[in-house]
Amino acid sequence: MRNVIGLVVGLLFLSACGEAPQQEAELVQTDVAMTSEEELSFSDTCGYFNPIDIQSDLDVNKYLGEWYELGTSAIVRNTFERGCSCTKATYTLQADGVMVKNACTLEDGAENIIFGSAKFTGRQGVLGVGFPEGDADSANYYVMKVETDEKGNYEMALVGEPCRLFLWILSRKPVLENDEDFRRYNNLVAFAEANDYNLDSWYLNFQPTEQASCGWETECTEVVDTYETGCQYFWQDCEDGY
């Protein structure tokens, strides 16, 4: 038997606005028995009524490595990324899923690092991410679309969830530098909008993440055929790109 928690949407919206509820929300409980197949997570319920597109052929191995956050939604900025800039994520394959390392710089200049994991849900492109531990039964990380280079490497990714409250654009580069970068970014924005993300709404309010002043520029000292080059700005001063 599982308790059904009421007022979830309202509390999420309050969090997105950075406002605390005036009094403790009352929990609504039911005594309806449900089988494991019938029990739906919050994202599952949203997806049942209004599904989003996902990258159904996602290659997890290509998705591993370091990603810089180019932009995200209000609820992210006002909760677990409050006061953050220079945000990035590193994904490392493990036997039962993917290790997640999120890092950002706080307003006082201190680096904030948190570790979690992403579990495979049985659906390609959909993961259950949690800190410190993800749950395969709680699908909450949907890779909606990836943008690739001419070699098929993943260059940018759009990540969301069916309730359309959380949204990220991730990139192998911390900033947009050329026409191709802007083309990929705009493609992902258009894809999100086509999936009913209202990017300018008060509750989503998608905004760019500060990366330009983060000091990522470093001299490239090692060139290998991977994103793990030992450089933050891996394409600078590297022959043949990578």
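Structure first, text after, so check above.
Our subject in this report is the structure included herewith. (Residues numbered from 1 in each chain as written. Predicted model: local features only at pLDDT ≥ 70, side-chain atom pairs only at ≥ 80, totals over all residues. Heavy atoms only, no water.)

## Section: the overall build of the protein
Link 1 in the chain: The helix and strand inventory of the protein stands at 5 helices and 9 strands.
Link 2 in the chain: Scored against the burial criterion, the 242 residues of the protein give a buried share of 42%.
Link 3 in the chain: When contacts within the protein are restricted to residue pairs at least 6 apart in sequence, long-range pairs at least 24 apart make up 54% of them. (Helix = DSSP H or I, 4+ residues; strand = E, 2+ residues; numbered from the N terminus. Buried < 20%, exposed > 50% of the residue type's maximum accessible area, 1.4 Å probe, protein only. Contact = heavy atoms within 4.5 Å.)

## Quick word on the state of the cysteines
Link 1 in the chain: If you walk through the whole model with that rule in mind, you get 2 disulfides.
Link 2 in the chain: The residue that forms a disulfide with Cys84 is Cys104, at a sulfur-sulfur distance of 2.0 Å. With a gap of 20 residues between them, Cys84 in the loop between helix H4 (74-77) and strand E2 (85-94) and Cys104 in strand E3 (residues 97-105) connect regions that are remote in the sequence.
Link 3 in the chain: For Cys104, a relative accessible area of 5% corresponds to the buried category.
Link 4 in the chain: There is a disulfide in this structure between Cys86 and Cys214, and the S-S distance comes to 1.9 Å. With the S-S bond torsion at -90 degrees, the cross-link from Cys86 to Cys214 turns out left-handed. Of this pair, Cys86 sits in strand E2 while Cys214 sits in the segment after strand E9 (207-208); the two residues are 128 residues apart in sequence, bridging distant segments of the chain. (Disulfide = S-S within 2.5 Å.)

## What to know about unusual backbone geometry
Link 1 in the chain: In this structure, the amide linkage connecting Phe131 to the following residue, Pro132, adopts the cis form with an omega of 10 degrees.
Link 2 in the chain: In this structure, Pro132 sits in the loop between strand E5 (126-130) and strand E6 (141-148).
Link 3 in the chain: Look at Asn205: it is not a glycine, yet its phi comes out positive at around 45 degrees.
Link 4 in the chain: Here Asn205 lies in the loop between helix H5 (179-194) and E9.

## With respect to the nonpolar core
Soluble globular proteins tend to bury their nonpolar side chains together.
Link 1 in the chain: Residues Tyr63, Trp67, Tyr91, Tyr141 and Leu170 are the most contacted members of the largest nonpolar core, which totals 23 residues.
Link 2 in the chain: When residues of this core are traced back to their parent elements, those giving at least two are H4, E2, E3, E5, E6, strand E7 (154-160) and strand E8 (167-171).
Link 3 in the chain: Contact partners of Tyr63, with chain neighbours within four places excluded, come to Leu58, Tyr91, Tyr141, Val143, Tyr154, Ala157, Val159, Leu170 and Arg172.
Link 4 in the chain: Grouped together as the second largest cluster of nonpolar side chains are 18 residues, Ala139, Met144, Leu167 and Phe206 included. (Core = buried A, V, L, I, M, F, W, Y, C linked by side-chain atoms within 4.5 Å.)

## Let's talk about the packing of aromatic side chains
Link 1 in the chain: With the rule as written, the count across this model stands at 6 aromatic pairs.
Link 2 in the chain: Both rings, one in Phe80 and one in Phe166, keep their centres 6.4 Å apart while their planes meet at 5 degrees; by these two values the pair is stacked. Placement of Phe80 in the loop between H4 and E2 and of Phe166 in the loop between E7 and E8 is noted, with a sequence separation of 86 residues between them.
Link 3 in the chain: Classification of Phe80 by relative accessible area gives exposed; the value is 53%.
Link 4 in the chain: Where Tyr91 meets Tyr141, the ring centres are 6.3 Å apart and the plane angle is 80 degrees; that geometry is what we call edge-to-face. In this pair, Tyr91 sits in strand E2 while Tyr141 sits in strand E6, placing the two residues 50 residues apart along the sequence. Here Tyr91 matches Tyr141 in class, with each residue buried.
Link 5 in the chain: Clustering of aromatic rings is evident, with ring pairs tying together Tyr63, Trp67, Tyr91 and Tyr141. (Phe/Tyr/Trp six-rings, centres within 6.5 Å; stacked < 30°, edge-to-face > 60°.)

## With respect to the pattern of salt bridges
Link 1 in the chain: By the definition in use, this model includes 7 salt bridges.
Link 2 in the chain: A salt bridge links Lys119 to Asp96; the shortest N-O distance between them is 2.7 Å. You can see Lys119 sitting in strand E4 (residues 111-120) and its partner Asp96 sitting in the loop between E2 and E3, a full 23 residues away along the chain.
Link 3 in the chain: What makes Asp96 partly exposed here is its relative accessible area of 44%. (Salt bridge = Lys/Arg side-chain N within 4 Å of Asp/Glu carboxyl O.)

## Considerations on the pairing of strand E1 (residues 65-72)
Link 1 in the chain: Among the 8 residues that make up E1, 8 are buried, leaving the element largely enclosed by the rest of the structure.
Link 2 in the chain: Two strands pair when backbone bridges link them, and E1 and E2 are joined in this way by 4 bridges, in the antiparallel orientation. The partner of Gly65 across the bridge, within E2, is Tyr91.
Link 3 in the chain: Pairing between E1 and E8: 4 bridges, direction antiparallel. (Pairing = 2+ DSSP bridges.)

## Brief notes about the environment of Gly130
Link 1 in the chain: In this structure, Gly130 sits in strand E5.
Link 2 in the chain: For the pair formed by Gly130 and Val100, sequence separation is 30 residues and the distance between their alpha carbons is 8.9 Å.

## Examining the side chain of Gln211
Link 1 in the chain: Within the element layout of this structure, Gln211 appears in the segment after E9.
Link 2 in the chain: At 3.0 Å, the side chain of Gln211 and the backbone oxygen of Glu69 are in polar contact.
Link 3 in the chain: Those residues in contact with Gln211 that lie beyond four places of it in its chain are Tyr68, Glu69, Cys86, Thr87, Pro174, Val175 and Trp216. (Polar contact = N/O pair within 3.5 Å; in protein donor to acceptor, adjacent residues only side chain to side chain.)

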